[in-house]
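Working through the structure, step by step
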Amino acid sequence: MKKSILVMAVIAAAIMELIDSSIVNVALSHMSGNLGATLEDTSWVITAYAIANVIIIPITGFLAGKLGRRNYYIGSIIAFTIFSLMCGQATNIWVLVLFRFLQGIGGGALLSVSQVIVFEQFPKEKQNVASAIFGIGVFIGPTIGPTLGGYITEYYSWPWIFYINVPIGIIVAFICYLLVEEPARKAGSQKIDWTGILLLAVGVSALQTVLERGESDDWFEAAYITWLTVIAVLGIGIFIWWELRVAQPVVNLRVLKSRNLSIAAALTFISGLGIYSSVFLAPVFAQRLLNFTPLQTGMLLLPGAFLAIGGLIISARLLQRGISPIYLIIAGMGMFILFSWQMSQLNQDASAQAISNSLIWRAVGLALVTVPLTTLAVSSLPPADIPQGAALNNMMRQLGGSFGIAMINTYLSQRRAQHRYDLVSHLNTADPLVYNRLHGYTKFFQGKGFTGTDAYHKALQLLDISVTRQGFLLSFSDAFMLLGFIFLLSLPLLLVTSARRKTNVVISDH
């Protein structure tokens, strides 16, 4: 009974952390108006949290070793809860950004350490079940974040997006205080790799800022984006060189010598790209083209989210029976490719049912991928290296999400402009189809009481709106096709893995 309660508590902590990565997306305009800030400045609320997460996740194993895993984990939950409260209390946009960054620092441990604790509650032969249970949090969190955020914003106010964490955080911290134990194996004396920490913080912060802010600031047209790109390349490059030469690195990159971990990390990057990009694209498609409310849009995602739980459990049981993780990853990616193709075929008359059905393929496909990738990542690592491998794998998922959203935003913008140009260049009033459309619109407005000239101008405006919407539709179609193509191109990576048999893993802290 105690184990079940502990597992539920740490999964709740992980879900809480992941929900906060996407819950504020639908509330930015409300925050902007309430705090008297521009929408551009308000979007730093998302960026600050993402930067903190990506910095802290790869060094959670190091911090747990130095501070004691139990102390570090419970302290992180308390910090996350306190700064969630402070975010809701913020009356200035930059104070809110600061508290979001500190909330993200606290939240970093809630993912990787939660994963380790869940795995420790299961015997070796049931480690794949542990992967499935933890995968529920990984998958459900980002999916329900926008739905929950939309509901809270619509019926309450934006501070409650943060306040909702407070009671959950208090309960989880209390349960973990009672039930979480310090691992028997302690870390030896270790010098703190301050150089590695500084290089990681600078390099990853610069990269994350470029990915999050590049599209809104027209990429390299903004001087600060150019400079941050240079800093990111130099910072991460020097960080990799330093960590590979120092005796006691803060992030043990040597674990990437494992071919399975390297390939799993690359595929986890792709799956993170798919999870976050699709959960961004589908709601925007529904709201901008089909005029769905945030709540209606969120409901589209729920059937797939529930079925994904079944997919996670099924994949774990299949792995236990000896099915190679490679086959499940191929099946899951195939389903995501099918989802991408179906979404690319939708038009402006698409029904909610059609979108929801396609999203089921997405959800189940990504669910089938999640557990095998977790298994594959650590399948060839010695127990002492598994926490570091798991942390690196989690970081790749977060980076994949940030890269995917930045890439999709840029691609959408470029394709929308290109499609509009192509459509407008083919419009000619001498064309019978264009003439008849304009004539019909003009007659419609004349019937509403407009004079001939005004009715014609209104008809042109309506035609322009029609062209704009068609350009939007075609750009979304291209974006979904791009996601499917990326997944298709990543499949050959599976040919060089060494996972051919059932692999049970044991995750332990070092």
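Residues numbered from 1 in each chain as written. Predicted model: local features only at pLDDT ≥ 70, side-chain atom pairs only at ≥ 80, totals over all residues. Heavy atoms only, no water.

What follows deals with the packing of helix α6 (residues 69-89) against helix α7 (residues 93-107). At a closest axis distance of 8 Å, the pairing of α6 and α7 adopts a crossing angle of 160°. With respect to α7, the axis of α6 lies roughly antiparallel. Here α6 and α7 pass one another in a crossing that is left-handed. Facing α6, whose interface residues are S76, A79, F80, F83, S84, M86 and C87, α7 presents L96, F99, R100, L102, Q103, G106 and G107. Looking at the contact of α6 with α7 residue by residue, the classes come out as eight nonpolar, five polar and one charged. (Axes fitted to C-alpha atoms, helices over the stretch in contact; angles between N-to-C directions. Helix = DSSP H or I, 4+ residues; strand = E, 2+ residues; numbered from the N terminus. Parallel < 35°, antiparallel > 145°, perpendicular 65-115°, else oblique. Left-handed = near helix turned anticlockwise from the far one by under 90°. Contact = heavy atoms within 4.5 Å. Nonpolar A, V, L, I, M, F, W, Y, C, P; charged D, E, K, R; others polar.)

Moving on, we get to the side chain of S277. Summarising the element assignment, S277 is placed in helix α14 (residues 259-290). S277 gets classed as buried once you look at its relative accessible area, which sits at 0%. In terms of polar contacts, S277 uses its side chain to reach the backbone carbonyl oxygen of G404, at 3.3 Å. Those residues in contact with S277 that sit more than four places away from it in its chain are G272, G404, I405, I408 and L483. (Buried < 20%, exposed > 50% of the residue type's maximum accessible area, 1.4 Å probe, protein only. Polar contact = N/O pair within 3.5 Å; in protein donor to acceptor, adjacent residues only side chain to side chain.)

Bringing the nonpolar core into the picture now. With 124 residues, the main nonpolar core has M31, Y73, L96 and F285 as its most contacted residues. In terms of residues, this core owes the most to one element, α14, which gives 16 residues. Core analysis: the next-biggest nonpolar cluster, separate from the first, contains twelve residues, A132, I136, L328 and V371 among them. (Core = buried A, V, L, I, M, F, W, Y, C linked by side-chain atoms within 4.5 Å.)

Residues of the protein chain with pLDDT of at least 70 account for 93%, and the chain-wide mean is 83. Long-range and interchain partners of residues 500-510, a stretch whose pLDDT sits below 50, account for 48 contacts in this model, where long-range means more than four residues apart. (pLDDT = per-residue confidence, 0-100.)

One non-glycine residue, N291, lies in the positive phi region at around 60°. Assignment of secondary structure puts N291 in the loop between α14 and α15 (294-320).

Here the structure, examined in full by the defined rule, presents twelve aromatic pairs. An angle of 55° between the planes, with centres 5.3 Å apart, marks the rings of F336 and F339 as tilted. Here F336 and its partner F339 are both found in helix α16 (residues 325-344), three residues apart, which amounts to about one turn of the helix. Like F336, the residue F339 is buried in the burial classification. What links up through ring pairs into an aromatic cluster is the set F336, F339, F480 and F487. (Phe/Tyr/Trp six-rings, centres within 6.5 Å; stacked < 30°, edge-to-face > 60°.)

Another point: a nonpolar patch on the surface. A surface patch of nonpolar side chains, amounting to about 810 Å² of accessible area, comprises L198, V202, W227, V230, I231, L234, I238 and W241. Secondary-structure elements contributing two or more residues to the nonpolar patch are α12 (194-213) and α13 (223-245). Among the elements that line the nonpolar patch, the one with the most residues is α13, at six residues. Along the chain, the position of W241 falls in helix α13. Accessibility expressed as a relative area gives 53% for W241, which makes it exposed. (Patch = residues over 30% accessible without salt bridge, like charges linked within 9 Å, V, L, I, M, F, W, Y side chains within 5 Å. Areas by Shrake-Rupley, 256 points an atom, 1.4 Å probe, with all protein chains shown as cover. Salt bridge = Lys/Arg side-chain N within 4 Å of Asp/Glu carboxyl O.)

Another point: the packing of helix α17 (residues 352-378) against helix α18 (residues 386-425). It is the contact of α17 with α18, at a shortest axis distance of 9 Å, that shows an interaxial angle of 135°. Between α17 and α18, the angle falls in the class oblique. Where α17 crosses over α18, the handedness of that crossing is right-handed. Judged by residue contacts, L373, T374, A377 and V378 of α17 engage I386, A390 and N393 from α18.

Tracing the sequence through the fold places S114 in helix α8 (residues 109-120). Given the relative accessible area of 0%, S114 is considered buried. Here the alpha-carbon distance between S114 and A9, two residues 105 residues apart in the chain, equals 9.1 Å. Excluding anything up to four places from it in sequence, S114 contacts V10, A13, A14, Y73, A109 and F134. A polar side-chain atom of S114 sits 3.3 Å from the main-chain carbonyl oxygen of V10.

Turning our attention to α8. Between its first and last C-alpha atoms α8 spans 16 Å; for twelve residues at 1.5 Å apiece the expected length is 16 Å, and the two agree. The buried fraction of α8 amounts to eleven of the twelve residues, a majority that puts the element mostly inside the structure. The complete set of buried residues in α8 reads A109, L110, L111, S112, V113, S114, Q115, V116, I117, V118 and F119. (Expected span 1.5 Å × (residues − 1).)

This next bit is on the pattern of salt bridges. If you walk through the whole model with that rule in mind, you get three salt bridges. Residue R100 is joined to D20 by a salt bridge in which the shortest nitrogen-to-oxygen separation is 3.7 Å. Residue R100 is located in helix α7, and its partner D20 is located in the loop between α1 (2-19) and α2 (28-35); the two are separated by 80 residues in the primary sequence. D20 shares its class with R100; the two are buried. The partner of D478 in a salt bridge is R415, with the nearest N and O atoms 2.9 Å apart. With a gap of 63 residues between them, D478 in helix α20 (residues 452-490) and R415 in helix α18 connect regions that are remote in the sequence.

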